[in-house]
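A structural walkthrough
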Amino acid sequence: TAFTCVFRCFPCDPSCGSASWATPEFTPRSAAPMVKMTRSKTFQAYLPSCHRTYSCIHCRAHLANHDELISKSFQGSQGRAYLFNSVVNVGCGPAEERVLLTGLHAVADIYCENCKTTLGWKYEHAFESSQKYKEGKYIIELAHMIKDNGWD
């Protein structure tokens, strides 16, 4: 395909063997792995199927591993929400200051990278010392996620 040609002829690919790239001023520094382009890939990251996961309720993109769950006792704009240490397949908007139930925070809305639905927010900065543990953590509202893989 056209993609295969582009990647095989790229100068960082030492397996190419093309004489046009084998000049002394353009010698590859390291062997880069071949990139395989596929049209069927929907999500940026897939969480291991052996773990309990949370997925976007709208498109089923994986969002978080259950092991990353910090707390189930948060309130979002649309009801209950969970606090996670890390998430995947999530984009982040610009940070803004908001007064939440626990005080003033700088937060950025987060959205599903696949379907673009707003899921919750990321805590960028907490102004009160008792809330500093939230910095860098993610809130996902229950209205936007579903449990996947091994929930009994």
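Each chain has its residues counted from 1, following the order in which its sequence is written. The predicted origin of the model limits local features to residues at a pLDDT of at least 70 and limits the giving and counting of side-chain atom pairs to 80 or more, whereas totals for whole chains, interfaces and linings rest on all residues. The basis for the side-chain values is all heavy atoms of the structure; hydrogens and waters are excluded.

A word on the nonpolar core
As used in this record, nonpolar core signifies buried Ala, Val, Leu, Ile, Met, Phe, Trp, Tyr and Cys residues forming a set joined through side-chain atoms within 4.5 Å. Think of it in three bands: residues with accessible area under 20% of the maximum for their type are buried, residues over 50% are exposed, and the middle band is partly exposed, with areas taken using a 1.4 Å probe on protein chains only. Counting 17 residues, the largest nonpolar core has C56, L63, F84, V87, L119, I140 and M145 as the members making the most contacts within it. Contributing elements (two or more residues each) for this core: β1 (53–56), β2 (62–65), β4 (79–84), β6 (103–112) and β8 (138–141). Here, two residues are considered to be in contact whenever any of their heavy atoms come within 4.5 Å of each other. Apart from residues lying up to four places away in sequence, M145 is in contact with Y54, S55, I57, L63, Y82, F84 and I140. Formed by 7 residues, the second largest nonpolar core is a distinct cluster that contains A81, L83, Y123 and I139. Here a helix means four or more residues in a row that DSSP labels H or I, a strand means two or more in a row labelled E, and each is numbered from the N terminus.

Some points on a positive patch on the surface
Nonpolar side chains (Val, Leu, Ile, Met, Phe, Trp, Tyr) are joined into patches within 5 Å and like charges within 9 Å, using only residues with over 30% relative accessible area and no salt bridge. Values of accessible area rely on a 1.4 Å probe in the Shrake-Rupley scheme; residue burial ignores everything except the protein chains shown. Salt bridge criterion: a side-chain nitrogen from Lys or Arg within 4 Å of a carboxyl oxygen from Asp or Glu. Lys and Arg are tallied as positive, Asp and Glu as negative. Neither His nor the chain termini are counted. Lysine's charge is taken at NZ, arginine's at CZ, aspartate's at CG and glutamate's at CD. Taken together, the side chains of R52, K72, R80 and K147 present a region of like positive charge at the surface. Along the chain, R52 turns up in the loop between α1 (2–8) and β1. By relative accessible area, R52 is classed as partly exposed at 35%.

Notes on the pattern of salt bridges
This structure, assessed with the given rule, holds 5 salt bridges. A salt bridge links K132 to E135; the nearest nitrogen and oxygen atoms lie 3.3 Å apart. On the basis of relative accessible area, K132 is assigned to the partly exposed category, the value being 35%. Residue classification places E135 among the partly exposed positions, given a relative accessible area of 27%.

Considerations on the state of the cysteines
By definition, disulfides here are pairs of cysteine sulfur atoms that lie within 2.5 Å. The tally for this structure, following the rule as stated, stands at 0 disulfides. The thiol of C56 is unpaired, and the distance to the nearest cysteine sulfur, on C115, comes to 3.7 Å. Judged by relative accessible area, C56 falls into the buried class, the value being 0%.

Examining a nonpolar patch on the surface
A cluster of nonpolar side chains, V99, L104 and F127, forms an exposed patch at the surface whose accessible area comes to about 280 Å². Relative to the helices and strands, F127 resides in the loop between β7 (118–126) and β8.

Things to note about the confidence of the model for the protein
Per residue, pLDDT captures the predictor's confidence, and it can take any value from 0 to 100. Looking at the protein as a whole, the pLDDT averages 76, with 67% of positions reaching at least 70. Counted against residues more than four places away or in other chains, residues 1–42, with its pLDDT under 50, gives 23 contacts.

Some details on the side chain of S71
For S71, the location among the structural elements is in strand β3 (residues 69–76). Within 3.5 Å is the distance limit for a polar contact, defined as a pair of N or O atoms, with the added protein rule that one can donate a hydrogen and the other accept it, and that residues adjacent in sequence qualify only through two side-chain atoms. Reaching out from S71, the side chain makes a polar contact with the side chain of S73 at a distance of 2.9 Å. Residues contacting S71, with those up to four places away along its chain left out, are A81, Y82 and L83.

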